[in-house]
Amino acid sequence: SSGINAEYGALGKVAVNTTLCATASAIAVAVLSVYREKRIEPYSVVNGICTGLAGSSAGCATMTTEGALVTGLLCGAVYFLLSSILCSAGVDDVTDVWPIHFGGGMVGMLSAAFFTTQSFYKIAVLDSGDATPCGALYVCDGLGWRLFVANLVFLIAVSAWSFVAGLALFLPLKVMSLLRVDKLTEDAGLDFMADKGAVPLKRF
């Protein structure tokens, strides 16, 4: 009975933390949009929600609600920063895939290593007694930093693998001139040409 109640509690925590993280991320993007652009850009806010959802994935079942809130705010800020960098560099990432998934995933992975509690980890992942890890902000027999190091190594490994795999896929396409569209579409932007101006050409 207690085990079933604990599982339902874990499911509730997943729902709350996921929603909170996405909402906080959207709010962060909206605030930054108003500060930088003097208006709220719906396209960016929706992508902020997606970034928050990506960021919640790693620790939605193991972090505190306060941790989910902070994670969401950081996700929104990182998305806005990475999206701005792409725009400034002239990279046409049509749906902001890299800022959303890399930015949100990176923040979520590292946040989970800080905001995970030992008790939530035991319920949602694995109960290893006193050897159960927790986030770096909590005390659990010095195991907090082990989780951070493990997540950091995992993040680096996945990023390296994604880079190499992407290079292997897209470099041959570039050599065969199959990677780019015509110059007019490239200059105007794929999203602009496809949606007939629904997304601004320049945000800054």
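I will try to describe carefully the structure that is included in this document. Residue indices begin from 1 for each chain and proceed along its sequence in written order. For this predicted model, a pLDDT threshold of at least 70 governs which residues receive local features, and a threshold of 80 or more governs which side-chain atom pairs are given and counted, while totals over whole chains, interfaces and linings are taken from all residues. Excluded from the side-chain calculation are hydrogens and water; included are all heavy atoms of the structure.

**Here's the deal with the packing of helix α2 (residues 42-56) against helix α4 (residues 97-115)**
Rules: Fitted lines through C-alpha atoms give the axes, limited to the stretch in contact for helices. The angle between two N-to-C directions lies from 0 to 180 degrees. The helix count covers DSSP runs of H or I at least four residues long, the strand count covers runs of E at least two residues long, and both are numbered beginning at the N terminus. An angle below 35 degrees is read as roughly parallel, one above 145 as roughly antiparallel, one from 65 to 115 as roughly perpendicular, and any other as oblique. Here a crossing is taken to be left-handed if its near helix is turned anticlockwise relative to the far helix by less than a right angle, and right-handed if that turn runs clockwise. By the convention used here, residues are in contact when the closest approach between their heavy atoms is within 4.5 Å. Polar here means any residue other than Ala, Val, Leu, Ile, Met, Phe, Trp, Tyr, Cys and Pro, which are nonpolar, and Asp, Glu, Lys and Arg, which are charged; Gly is therefore polar.
At their nearest, the axes of α2 and α4 sit 7 Å apart, and the two run at 40° to each other. Classified by the angle their axes make, α2 and α4 are oblique. Judged by the twist between their axes, the crossing of α2 over α4 is right-handed. Note on element contacts: α4 touches α2 through P99, I100, G104, G105 and G108, opposite N47, C50, T51, A54 and G55. Looking at side-chain class alone, the contact of α2 with α4 contains four nonpolar, six polar and no charged residues.

**Structural notes on helix α3 (residues 65-89)**
The condition that has to hold: One less than the residue count of a helix, multiplied by 1.5 Å, gives the span that helix is expected to have.
Compared with an ideal rise of 1.5 Å per residue, which puts 25 residues at 36 Å, α3 spans 36 Å between its outermost C-alpha atoms and is within 8% of the ideal. Looking at the residues trailing α3, positive phi occurs at G90, about 75°.

**A short note on a nonpolar patch on the surface**
Operational definition: Nonpolar side chains (Val, Leu, Ile, Met, Phe, Trp, Tyr) are joined into patches within 5 Å and like charges within 9 Å, using only residues with over 30% relative accessible area and no salt bridge. Throughout, the Shrake-Rupley method with a 1.4 Å probe supplies accessible areas, and for residues the shown protein chains are the sole cover considered. Any carboxyl oxygen of Asp or Glu that lies within 4 Å of a side-chain nitrogen of Lys or Arg is treated as forming a salt bridge with it. Each residue gets one of three labels from its accessible area relative to the maximum for its type: buried under 20%, exposed over 50%, partly exposed in between, using a 1.4 Å probe on protein chains only.
Together, F163, V164, L167, L171, V175, M176 and L178 give the surface a local cluster of nonpolar side chains, amounting to about 750 Å² of exposed area. Topologically, L178 is positioned in the loop between α6 (144-175) and α7 (183-188). Taking the relative accessible area as the measure of exposure, L178 reaches 58% and is therefore exposed.

**As for α4**
In this model α4 runs 26 Å from its N-terminal to its C-terminal C-alpha over 19 residues, within 8% of the 27 Å that 1.5 Å per residue would give. Considered for burial, the residues of α4 that qualify are P99, I100, G103, G104, V107, G108, M109, S111, A112, A113 and F115.

**Notes on the state of the cysteines**
Counted only if it meets this: The disulfide definition used here is simple: a pair of cysteine sulfur atoms within 2.5 Å.
Inspection of the entire model under this criterion finds zero disulfides. You can see C75 has no disulfide; the closest cysteine sulfur is in C21, sitting 4.7 Å from it.

**What about the packing of α2 against α3?**
Orientation of α2 relative to α3, taken along the N-to-C sense of each, is 130°, at an axis distance of 9 Å. Taken together, the axis directions place α2 and α3 in an arrangement best described as oblique. In the crossing of α2 with α3, the sense of the turn from one axis to the other is right-handed. Across the interface between the two elements, S44, N47, G48, T51, G52 and G55 from α2 touch T71, C75 and Y79 from α3. Among the residues making up the contact of α2 with α3, the classes are represented as two nonpolar, seven polar and no charged.

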